[in-house]
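# Structural features, examined
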Amino acid sequence: MARVQAFNDPTVAEAARCVAAGQPVAVPTETVYGLAADATNPAAVAAVYAAKGRPSFNPLIVHVPDLAAAQRIGRFDALAQRLAAAFWPGPLTIVVPLREDAGIAALATAGLDTVALRVPAHRAMQAVLAASGKPLAAPSANPSGRISPTSAAHVAAGLGDRVALILDDGPTTAGIESTIVALTDGAVLLLRPGPITAEALSAALGVRVDTVAVTDDAAPSAPGQLTSHYAPTKPVRLNATSFAEDEFAIGFGPVAGTVTLSAQGNLVEAAARLFDLLHQADASDLSRIAIAPIPDDGLGQAINDRLRRAAA
Ligand code: TXA
Ligand code: MG
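Quick caveat, the model's predicted, so the values are computed rather than measured.

The biggest cluster of nonpolar side chains holds 83 residues, and the ones touching the most others in it are F57, L117 and I250. L136, A138, L165 and L167 belong to the second largest nonpolar core, which has 16 residues in total.

This is the structure:
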């Protein structure tokens, strides 16, 4: 079983060591417990998806200690800054354009050019952010398809030994996930209702806030919603065991390409490299993309889900 440790200075230091080693740790926020990993480390982010058993790659929320740290990762226009000033630290996630030099793993944003950022108001998550010195990608710390955990016991019951360390700082106070607002093209869109209401957002901004489809992984994805996923612009061929000259060849395991998702056939490594290689393929001079077969177990399911969408 996972080790549940009470929140204190030594356990925060241990959580920071796990983060530095690329291991996800469960940490409470004011909304729900999150499964936190170094957002700049692709393998650590892949380990989060593996622990949750997510059959697809949803972009994750990146937690940071303050607005200054958020502005090193995303571009905040005047509206975004006003939102941050009004509600951070707190249960509000703001989706803004991603800075190209932010160093965030492409897997954390699922290859998108936007990023979801949040400054949490909980002492435990703030302490792990300070001790690790890293932005932390953290989805709710539950297995995919199950309800979000509001106590360390929930996390232990759901994720068990799939998480190295659970920091216990009692039950969370908000109990539901953060409100998500997107500010990516001048409009203010409520992507997920939460503790901060649309009325509170409108009042703080002095503009109308439009509600769009709920983006949580519990809800079916609606066409046209902002999380619509990154897809290459070129034709994609799957299950390729040999490659044509005009194809950007992405290998895996025994099938060698020009580049490879994982020469060893390691699915965590493959997940960590997936979006970077798709972007590389898209940017190359070659007109088509071909990808070796990926086994459909564990993280392979999420990889194949993404590849099928890319090929569709
Ligand atoms: O309260 C919370 O927000 C908790 C705690 C741990 O902070 N976290 C959480 O994360 O609920 P998660 O992964 O369960 O939900 C993240 C949501 C997903 O619905 C995802 O689609 C959306 O955020 N999201 C992330 N990046 C996005 C982006 N660039 N554009 C639109 N939606 C995004
Ligand atoms: Mg969740």
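Having seen the structure, we can now continue with the description.
Within strand β13 (residues 247–251), five of the five residues are buried, which leaves the element mostly enclosed by the surrounding structure. In β13, alternate side chains face the same way, and those of E247, A249 and G251 on one face and F248 and I250 on the other are all buried. Two elements, β13 and strand β15 (residues 288–291), share four bridges in a ladder whose sense is parallel. From the neighbouring strand, A249 faces β15, where its bridge partner is A290. By the bridge criterion, two bridges tie β13 to strand β14 (residues 259–260) in an arrangement that is parallel.

Turning our eyes to something else, we now look at the side chain of R118. Considering the arrangement of structural elements, one finds R118 in strand β6 (residues 114–118). Using a relative accessible area of 1% as the deciding quantity, one classes R118 as buried. Of the polar contacts made by the side chain of R118, one reaches the side chain of T31; its length is 3.3 Å.

With that out of the way, let us pick up the confidence of the model for the protein chain. The share of residues in the protein chain with pLDDT of 70 or more is 93%, and the mean pLDDT across the chain is 91. When the criterion is pLDDT under 50, residues 213–225 qualifies, and its contacts beyond four places in sequence or with other chains add up to 17 contacts.

It is worth spelling out helix α5 (residues 123–132) at this point. Turning to α5, its buried residues are A124, M125, V128, L129 and S132. Each buried residue of α5 sits inside an arc of 135° when the element is viewed along its axis, so together they form one side. In this structure, α5 carries R123 and A130 as exposed residues pointing more than 90 degrees from its buried face. The first or second residue beyond α5 is G133, which carries a positive phi of 65°.

Let us now look at the packing of aromatic side chains. To describe a pair of aromatic rings, you give the distance between the ring centres and the angle between the ring planes. Within the structure shown, the criterion is met by three aromatic pairs. Where Y49 meets F57, the ring centres are 4.8 Å apart and the plane angle is 85°; that geometry is what we call edge-to-face. We classify F57 as buried; its relative accessible area is 1%. Considering the side-chain rings of F76 and W88, the 5.9 Å spacing of their centres and the 65° angle between planes classify their relative orientation as edge-to-face. Separated by twelve residues along the polypeptide, F76 in the loop between α3 (67–71) and α4 (78–87) and W88 in the loop between α4 and β5 (92–97) bring together distant segments of the chain. In terms of burial, F76 and W88 fall into one category: buried. Each member of the aromatic cluster is reached from another via a ring pair, and the members are Y49, F57 and F275.

What counts, and at which threshold
- Residues numbered from 1 in each chain as written.
- Chains lettered and ligands numbered in written order.
- Predicted model: local features only at pLDDT ≥ 70, side-chain atom pairs only at ≥ 80, totals over all residues.
- Heavy atoms only, no water.
- Core = buried A, V, L, I, M, F, W, Y, C linked by side-chain atoms within 4.5 Å.
- Buried < 20%, exposed > 50% of the residue type's maximum accessible area, 1.4 Å probe, protein only.
- Helix = DSSP H or I, 4+ residues; strand = E, 2+ residues; numbered from the N terminus.
- Pairing = 2+ DSSP bridges.
- Polar contact = N/O pair within 3.5 Å; in protein donor to acceptor, adjacent residues only side chain to side chain.
- pLDDT = per-residue confidence, 0-100.
- Contact = heavy atoms within 4.5 Å.
- Arc of directions from axis to C-beta.
- Phe/Tyr/Trp six-rings, centres within 6.5 Å; stacked < 30°, edge-to-face > 60°.

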